[in-house]
Each structure stands twice: as C-alpha cells, then as structure tokens.
Amino acid sequence: MASTAAPLTIGLLGAGSVGSQVARTLVEERELISSRVGAPVRLAGVAVRDVEAPRDWRIPGELLTTDAEALVDQVDVVVELLGGLEPAASLIERALRRGAGVVTGNKALLATRGAELAAIAAEADVPLHYEAAVGGAIPILRPIQESLSGDRITKVMGIVNGTTNYILDQMDTTGAAFDDALHEAQRLGYAEADPTADVEGHDAAAKAAILGTLGFHAPFTIDDVHCEGITQVTSSDIEAAAASGYVIKLLAIAERFDGEGAVLRVHPTLLPRTHPLASVRGAFNAVFVVAENAGELMFYGQGAGGLPTSSAVLGDLVSAARSVRTAGAPAELSATDTTMTALPITKATTRYYVDLEVADREGVIAEIARVFADHHVSIEAMRQPGSVSADGEVDTDQDSGAIVQIVTHQAREKALADTVETLKEKEVVRAVSSVLRVEIDQQS
Ligand SMILES: NC(=O)c1ccc[n+]([C@@H]2O[C@H](COP(=O)([O-])OP(=O)(O)OC[C@H]3O[C@@H](n4cnc5c(N)ncnc54)[C@H](O)[C@@H]3O)[C@@H](O)[C@H]2O)c1
Ligand SMILES: N[C@@H](CCO)C(=O)O
Ligand code: NA
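Parameters and conventions
Residues numbered from 1 in each chain as written. Chains lettered and ligands numbered in written order. Predicted model: local features only at pLDDT ≥ 70, side-chain atom pairs only at ≥ 80, totals over all residues. Heavy atoms only, no water. Pairing = 2+ DSSP bridges. Helix = DSSP H or I, 4+ residues; strand = E, 2+ residues; numbered from the N terminus. Contact = heavy atoms within 4.5 Å. Axes fitted to C-alpha atoms, helices over the stretch in contact; angles between N-to-C directions. Donors = N, O, S within 2.8 Å, 3.2 Å for Na, K, Ca; no water. Buried < 20%, exposed > 50% of the residue type's maximum accessible area, 1.4 Å probe, protein only. Domains from an automatic or database assignment. Left-handed = near helix turned anticlockwise from the far one by under 90°. Nonpolar A, V, L, I, M, F, W, Y, C, P; charged D, E, K, R; others polar. Near = heavy atom within 4 Å. Polar contact = N/O pair within 3.5 Å; in protein donor to acceptor, adjacent residues only side chain to side chain. Areas by Shrake-Rupley, 256 points an atom, 1.4 Å probe, with all protein chains shown as cover. Phe/Tyr/Trp six-rings, centres within 6.5 Å; stacked < 30°, edge-to-face > 60°. Lys NZ or Arg CZ within 6 Å of the ring centre and 35° of its normal.

This part takes up the sheet that holds strand β4 (residues 77–80). One open sheet holds the 6 strands; their spatial order is β3-β2-β1-β4-β5-β6, and the pairing between them is parallel. Whereas interior strands pair on both sides, the edge strands pair on one side only; in this sheet they are β3 (64–65) and β6 (128–129). Summarising the sheet, strand β1 (residues 8–13) and strand β2 (residues 41–47) pair through 6 bridges and their orientation is parallel. Looking across to β2, one finds that isoleucine 10 is bridged to leucine 43. Contacting β1 and β2, helix α1 (residues 17–28) runs over the sheet at an angle of about 155 degrees to β1. Packed on one face of the sheet, helix α2 (residues 30–37) meets β1 and β2 and runs near 115 degrees to β2.

Listed below in structure tokens is the structure:
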C-alpha cells in the first residue's frame, strides 16, 4: 500500500498454534491487512520463550525476542496469544495503560479478570477485543455486542469446546477410546496447553461466563458457572444414548430468569439426533442465541485450531488498528445491568435422562414412577432394554436385576436432585447408573 505515514506497529506475544498463524499472515499478507486497516501496518516483533523452538510457520529471526515487556512498550497494538493468567494479564494491563490497543484469545483470563481489564481499557480509551476467545473463528461476540444490542437476549446455548466435541464425536462415531481421541485433538492444535481445562469443562465454563457477561450485560466470572466435564461420560452412556436416539454433547448454557438472575452451566447433555446442535461434528462449534425479537439464531464454524482461530484474531486486529488510528473506541465487557446476578444450578430447568438398575420383581415400575410423581417430576418416556411382560413389568431371566431408562419433562434441577436422592434410598433401586440432562428445544 503506497503511503508515507509511519506504519502502525503490532507486537505479538506468543507463537504457538494460533500465534504462529497470525505472524504468518501479518508477514505474508501485510498489504492486505494494511488495506483493510486503511493505513500501513508492520509486525514489529514476536515475544517467545525460546527463539530456537520449532514453530508451525518459521518466523523471521529478526522479529523474535524473549523480552515481552520491551515489545509491549514500543507498539501500537498488542496481540496476546500466550494463554494462562500470568504474565498475560500484566502484559495486557501494561499495554492498555500506555494507550496501546489489545487483542487476545485468552478466555481463561477474560473469565477471571475481564471486567477489570475492560475498565482499564475504557479508562485509557483504547480497544480490547477478544473474538477468538469464544467459538474460535466463529463471529459470535461481535454479533452479541453489536448486532443484537437493540434486542434482549434470553438464552445462549452452545458447543464451545472443540476438543471435547472432537472426543465425544470420535467415541460416538468410531468407538474410539477417550485417551486416543484426546491425543489426536492435541496433535491437531485444538487442546489447551493443559488439556485438563478442556476435558473438565473449565474452558467451556470460561466461555459461558464471557457469553453470559456480554449477552446479559452483567459481570459474570468462571466462578458463577456450574461446571461438569466429560471425564465421567462412559462408552456405555454413549451407546445407551444412541440406542434411544440421542447424542451426548458438552453444552455451555447461559439462561436468564427475568427478575431473578441467570443460570450459567456447562455439562454433558443429551440431544435428540434431529437437533441442529447434534450434527455439529469434530472440532466444530455452534452457538444458539435466543433473543426476544430476533428469535432463535445459530452461529456455526470452526471453534478451534491455529489457522481458523487466527482469522478471528486478525479481524480484531484490523478493528483495533483502525480504532488506534482514529483514536478512541467503545469499551467492551461493560456491565450495566446491576440487577443481574448468577443463580445456583438448582434454579435451572431442563429435562433429564435417568438410568437405573432395579430389582427384577413386580411393582417396581410403579414404585419408581411414584418417586418421580412425589417430587413433581413428570416422566415423558420410560424404556426397558430387554423384554417387558404384558403388565408392563420388567421381565428378564437374569437375577442381576433390570435396567430402566427414564426421560423426564422439564423439571427444576432441585426437584430432580431430590428425586435421585429418594430413588437411591429405595430398596428396589440397586444403582442410579447415570443422570444426564437433555435439551430438546426452547419450548419443551
Ligand atoms: N488453539 C486454539 O484452537 C485456540 C482457539 C481459541 C483461543 N485460543 C487461545 O489462544 C491462546 C493461545 O493458544 P494456542 O493454542 O496458540 O496456545 P499454544 O500453547 O500453542 O501457544 C502458546 C505459546 O505461548 C508461549 N508462551 C507461554 N508463555 C510465554 C511467555 N511468558 N513468554 C513467551 N512465550 C510464552 C508458549 O511457549 C507457546 O508457544 C490461548 O489463550 C488459547 O486459550 C486457542
Ligand atoms: N481448547 C479450545 C480451543 C478453542 O478455544 C477448544 O478445544 O475448543
Ligand atoms: Na469467535
């Protein structure tokens, strides 16, 4: 791009899966990015731990430095792709305070100290963008913050972790073992540096906090999110779900209850195979947004991986560079609804799948159904793998008992938890093998 103006300078922190792709584009596609910004840009340096380390793209040696602070202190826009809380937080704060724009994909940090960083950015009047933090390449945060800012969002529900979706999908479609699927997800660059954050649901919980914060205009953190990962999901859970026409997905759900607050939750969930989210395969992500006037919206795309994620980072970079060039940008992650509080999971309503091992004798089904009724949990379907006698009772030759699978209508989490506790105390119930939540549609 022909221009005599001094180029806007970019400082990149971290050159892992995402950072190395961002560096590649900034070097190889410098003209394109400059034209999008409307001013020349230049990658001024890349802060790494080890200048000799192999990378997905070989960054020119003269750009590499191990002094991240010095780099932050000399550029117009800082792109943080280190991950983790420190030194990422201190470097971002340092950049904002000296008036540099910041782009990051660090959901762990945003879900912990996002409000504080947003306040610093607002005070310094510089942009802080983080589209890559949720749904990787999918434009989801900007639509929520900008396109839907004239509407009221009531629920956000999505598959927001590529690693766990990849693992569950492999287990479901190829019968792969959990560990093998996880190693493949790591090899493909989907997993966090410590994949515990993925499989225990913490990564999805951080994203749920960010979606809740932006969707409901209230400052939620990861501590407000009820979180269950996929480590307890067994192959037999997946097989039993499949036999009943369901697939198991790790969902992040943020739902507002008017006048009360919001429930934020992450847990393995049964979805009917006909549900649009059930068809989200591999490391793909999808986010459903329900707004009062817009109705149901769905955003779908690649939620993880260095190259797809770099697209979101570069979009934010163009936006931040434009703002820095023209000075001043609206602060994000600003919380204006002070009545919005995080509610406990017991306030959530959903449907449940309960898998029981029971004694094989007359009256068992009636006794179990009574427990649900006593807690005002309505049963939608009851299934007994194996044969059933004419009177509807379990009819099996094994004296090891029988299996009963129940799907409920919408119920409060508390009512279901009480039901399960009572079932466990029943002499006829040998084991409550699984309790999983089911999402069918908004109205059910
Ligand atoms: N990989 C993805 O699919 C993806 C998608 C969305 C968001 N993110 C987020 O983007 C960020 C980067 O992810 P990634 O997958 O590229 O991670 P990564 O582990 O591949 O890369 C991080 C890099 O930062 C380096 N690093 C860490 N601390 C450093 C320090 N103090 N100084 C210099 N270098 C340091 C590491 O050596 C590593 O090379 C994370 O916040 C992650 O959560 C990743
Ligand atoms: N580890 C994350 C990266 C994208 O945020 C995932 O698997 O989705
Ligand atoms: Na995104």
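It is worth spelling out the coordination of the sodium ion (ligand 3) at this point. Protein-derived coordination of the sodium ion (ligand 3) comes from Glu131 (O), Glu131 (OE), Val134 (O), Gly136 (O) and Ile138 (O), at a distance range of 2.4 to 2.7 Å. Read N to C, the donor residues that coordinate the sodium ion (ligand 3) are spaced as E-x2-V-x1-G-x1-I. Each of the two residues, glutamate 131 as well as glycine 136, counts as buried.

Let us look at the domain arrangement of the protein. By the assigned domains, the protein splits into domain 1 (8–138 + 307–326), domain 2 (141–303) and domain 3 (349–438). The distance between the C-alpha centroids of domain 1 and domain 3 comes to 53 Å.

One can describe the packing of helix α13 (residues 364–374) onto helix α14 (residues 413–425) by two numbers: an axis separation of 9 Å at closest approach and a directional angle of 145 degrees. Regarding α13 and α14, the two cross each other, and that crossing is right-handed. On α14, the residues touching Ile368, Val371 and Phe372 of α13 are Thr419, Thr422 and Leu423. For the contact of α13 with α14, the class distribution of residues is 4 nonpolar, 2 polar and no charged.

What follows covers the site of ligand 2. Neighbouring residues of ligand 2: Lys107, Asn161, Gly162, Thr163, Tyr190, Ala191, Glu192, Asp198, Asp203, Lys207, Gly303 and Ala304. In the environment of ligand 2, an oxygen atom lies 2.4 Å from a nitrogen or oxygen atom belonging to the side chain of lysine 107. Residue aspartate 198 places a side-chain N or O atom 2.8 Å away from a nitrogen atom belonging to ligand 2. In the complex, the protein chains occlude 94% of the 260 Å² of accessible area that ligand 2 would expose alone. Mapped by element, the contributors of at least two residues to the shell around ligand 2 are α7 (162–173) and α10 (202–216).

Position of threonine 213 relative to the elements: it lies in helix α10. Polar contacts involving the side chain of threonine 213 include one to the main-chain amide nitrogen of phenylalanine 220, which spans 3.1 Å.

Bringing unusual backbone geometry into the picture now. The residue after glutamate 86, namely proline 87, is reached through a cis peptide bond having omega 10 degrees. Relative to the elements of secondary structure, proline 87 occurs in the loop between β4 and α4 (88–97). Of note, aspartate 125 is a non-glycine position whose phi angle comes to about 60 degrees, a positive value. By the secondary structure assignment, aspartate 125 is in the loop between α5 (107–124) and β6.

Let us now look at the environment of aspartate 337. With respect to the helices and strands, aspartate 337 occurs in the loop between α12 (306–326) and β13 (349–358). For the pair formed by aspartate 337 and proline 219, sequence separation is 118 residues and the distance between their alpha carbons is 8.7 Å.

In this section: the packing of aromatic side chains. Counted under the stated rule, the structure contains 2 aromatic pairs. The ring of phenylalanine 257 has arginine 412 lying over it, and the distance from NZ or CZ to the ring centre is 5.8 Å.

Quick look at the site of ligand 1 now. Taken together, the neighbourhood of ligand 1 is formed by 19 residues, with Ser17, Val18, Lys107, Glu192 and Gly305 sitting nearest. Contact distances for ligand 1 include 3.3 Å between a nitrogen atom and a side-chain N or O atom of arginine 49. The separation between an oxygen atom of ligand 1 and a polar side-chain atom of lysine 107 is 3.1 Å. When ligand 1 is considered free in solution it has 830 Å² of accessible area, and contact with the protein chains removes 81% of it.

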